[in-house]
Amino acid sequence: MIKPIIDWLVYDILKMGHGSLFSEALNFFLYDAVKIFFLLTVIIFVVAIIRTFFSPERTRAILSKSQGYWGNVFAALLGIMTPFCSCSAVPLFLGFLEAGVPLGVTFSFLVASPMINEVALIMLWGLFGWKISLIYIGSGLAIAIFSGLVIGRLKVEELVEHFDHKKQTCCTQSTGVTFNDRIAYAKGYTRDLLKSIWMYVIIGIGLGAWIHGYVPADFLAKVAGRGNWFAVPLTTLIGIPLYSNAAGVIPLVSALTEKGVAMGTALSFMMAVTALSLPEFIILRKAMKLKLLIIFASVVGIGIIFTGYLFNLILK
Amino acid sequence: MKIEILGVGCPKCKQLTANAEIAVKELNINAEISKVTDIGKITEYDVMITPAVVVDGVVVSTGKVLSKDEIKEILVK
């Protein structure tokens, strides 16, 4: 529905000829921008309403009761639903542990929460299609569950700092939430989130459109195609410092896959961008000894690299 | 009255502190605003999503940058 309107605008109103590099890039940019912002607004709003049913307190209560492997599975699933900002990583982490949620389960949550979020999923869906976004969710969940299980097995509880078992749940005021409260929350949340990411999205789509129009096809096939084995670990490493720009990185990666970057490589890069973030590590250092932080990053990193190779093998 | 703003120094906490200061000034009440950045203290209040607001030892809001009007509403209660 959007496509004909954009075509009409670019080719008829602005009188740009078909096939010129600039008109193709502009058409691509407008189409993606309209589509993505429409999806972002609608879906962030819906997800925000669903989120009001899964407060961190409730999530924690569910997780402290679940047994064995199920704990990790639930933690990864609930990680999708819980609002997460890296500045809350530490209180969330310690709050879970103090309520008796096992360390491994807490890690499953900590990995899934930033990696599988609605912004990343919308961008993937809008730019890569639903298949790739399902693959992203599936392998994201697998990595979160796997990392939590591994860290749980390692018995590294003594590497957590500021952690004392005395539990204090004295002071939280729980108030009844009405449907109107949920709508109001979702409106505010959607507005704030859009406000903080719109520029990255525009820049990302803009660069993507430029690459789409001006960079020759197969330009990157040699460097980052399926034949190059070190592309996956290298792009994973590059992804680590790029966290806050996830919204801008995905359109860029989308354009790069057209120019020969293999799909598995692209997936592992996007996962590294969202799941492994330097600012989050710096904040988490307040609650974890460096050794635990390194274990955390390595286990998740290995999971991401494995996923990259796997999908380079099976996806064409 | 004692108002504490809990958070690990993110931009949202600064915004919230500023809003609280305006609210207190406009209400013209005697309140002391302090920022709590110590992780141990934040977890003692059992707060998991920052920024959070604590008034006289009671957590009144978590994970939200309240506007000055919203803060006023809480303080008046």
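Reference entry: report on the structure contained in this document. Note that the structure is predicted; figures quoted are calculated from it, not measured.

**Remarks on the side chain of K35 of chain A**
Okay, step 1: As for its placement among the helices and strands, K35 of chain A is situated in helix 2 (residues 21–51).
Okay, step 2: The contacts of K35 of chain A, once residues within four sequence positions are left out, are I2 and G126 of chain A.

**Comments concerning the packing of helix 6 (residues 103–115) of chain A against helix 8 (residues 130–154) of chain A**
All names here are of chain A.
Okay, step 1: In contact at an axis separation of 7 Å, helix 6 and helix 8 are set at 155° when each is read in the N-to-C sense. Taken together, helix 6 and helix 8 sit at an angle that is classed as roughly antiparallel. In the crossing of helix 6 with helix 8, the sense of the turn from one axis to the other is right-handed. Taking contact as the criterion, the partners of L103, G104, F107, S108, V111, A112 and M115 in helix 6 are, on helix 8, Y136, G140, I143, A144, I145, S147, G148, I151 and G152.
Okay, step 2: Of the residues in the contact of helix 6 with helix 8, the class split is 10 nonpolar, six polar and no charged.

**Focus on a nonpolar patch on the surface**
Okay, step 1: Judged by side-chain polarity, I5, W8, L9, I13 and L14 of chain A come together as a nonpolar surface patch covering roughly 470 Å² of accessible area.
Okay, step 2: For L14 of chain A, a relative accessible area of 43% corresponds to the partly exposed category.

**So, helix 4 (residues 68–81) of chain A**
Okay, step 1: Every buried residue belonging to helix 4 of chain A is among G71, N72, A75, A76, L78, G79 and I80 of chain A, and all of these are buried.
Okay, step 2: Where helix 4 of chain A is buried, its residues meet helix 2, helix 3 (56–65), helix 6 and helix 8 of chain A.

**Describing the pairing of strand 3 (residues 52–55) of chain B**
Residues and elements named next belong to chain B.
Okay, step 1: Burial along strand 3 is two-sided: A52 and V54 facing one way and V53 and V55 facing the other are all buried.
Okay, step 2: Relative to strand 3, strand 1 (residues 2–6) is paired through four bridges, and the arrangement is antiparallel. Pairing of I5 across the sheet is with V53, part of strand 3.
Okay, step 3: Bridge count between strand 3 and strand 4 (residues 58–62): four bridges; the pairing is antiparallel. Bridging from a neighbouring strand, V54 pairs with V59 of strand 4.
Okay, step 4: Hairpin connection, strand 3 to strand 4: the antiparallel pair is bridged by two residues, and D56 has positive phi, about 45°.

**Quick notes on empty space enclosed by the protein**
Residue and element names in this part refer to chain B.
Okay, step 1: Tallied over the entire structure, the rule returns one cavity of 30 Å³ or more.
Okay, step 2: Of the pockets and cavities examined, the largest cavity occupies roughly 30 Å³.
Okay, step 3: Every residue lining the largest cavity is listed: I3, V53, V55, V60, L66, I71, I74 and L75.
Okay, step 4: The biggest single contributor to the lining of the largest cavity is helix 3 (residues 68–76), with three residues.

**Focus on the sheet that holds strand 4 of chain B**
Residues and elements named next belong to chain B.
Okay, step 1: Strands sit in the order 2-1-3-4 across an open sheet of four strands; the sheet is mixed. Sheet topology places strand 2 (32–36) and strand 4 at the edges, where each strand pairs with a single neighbour. Between one strand and the next, the sheet's axes are offset by a mean angle of 25°, whatever the strand orientation.
Okay, step 2: Against the sheet, helix 1 (residues 11–27) engages strand 1, strand 2 and strand 3, with an angle of about 175° to strand 2.

**Remarks on the packing of helix 6 of chain A against helix 15 (residues 290–314) of chain A**
All names here are of chain A.
Okay, step 1: For the pair helix 6 and helix 15, interaxial distance at closest approach is 12 Å and the crossing angle is 60°. Regarding the angle of helix 6 to helix 15, the classification is oblique. In this structure, helix 6 meets helix 15 at a crossing whose hand is right-handed. Across the interface between the two elements, F107, L110 and V111 from helix 6 touch L292, F296 and V300 from helix 15.
Okay, step 2: Of the residues contributing to the contact of helix 6 with helix 15, the split by class is six nonpolar, no polar and no charged.

**Brief notes about the pattern of salt bridges**
Okay, step 1: Considering all chains together, one arrives at seven salt bridges over all chains under this definition.
Okay, step 2: R285 of chain A serves as the salt-bridge partner of E161 of chain A, at 3.2 Å between the closest nitrogen and oxygen. A residue pair is termed long-range when its members are at least 10 positions apart, and E161 of chain A in the loop between helix 8 and helix 9 (179–214) and R285 of chain A in the loop between helix 14 (278–284) and helix 15 qualify at 124 residues.
Okay, step 3: A single salt-bridge network, built from bridges that share partners, covers E26, K68 and K72 of chain B.

Parameters and conventions
Residues numbered from 1 in each chain as written. Chains lettered and ligands numbered in written order. Predicted model: local features only at pLDDT ≥ 70, side-chain atom pairs only at ≥ 80, totals over all residues. Heavy atoms only, no water. Helix = DSSP H or I, 4+ residues; strand = E, 2+ residues; numbered from the N terminus. Contact = heavy atoms within 4.5 Å. Axes fitted to C-alpha atoms, helices over the stretch in contact; angles between N-to-C directions. Parallel < 35°, antiparallel > 145°, perpendicular 65-115°, else oblique. Left-handed = near helix turned anticlockwise from the far one by under 90°. Nonpolar A, V, L, I, M, F, W, Y, C, P; charged D, E, K, R; others polar. Patch = residues over 30% accessible without salt bridge, like charges linked within 9 Å, V, L, I, M, F, W, Y side chains within 5 Å. Areas by Shrake-Rupley, 256 points an atom, 1.4 Å probe, with all protein chains shown as cover. Salt bridge = Lys/Arg side-chain N within 4 Å of Asp/Glu carboxyl O. Buried < 20%, exposed > 50% of the residue type's maximum accessible area, 1.4 Å probe, protein only. Pairing = 2+ DSSP bridges. 1 Å grid on protein atoms, 1.4 Å probe; cavity = no way out; pocket = protein on both sides within 12 Å on 5 of 7 lines; lining within 4 Å. Points joined across faces, edges and corners; volume = space filled by probe spheres on them.

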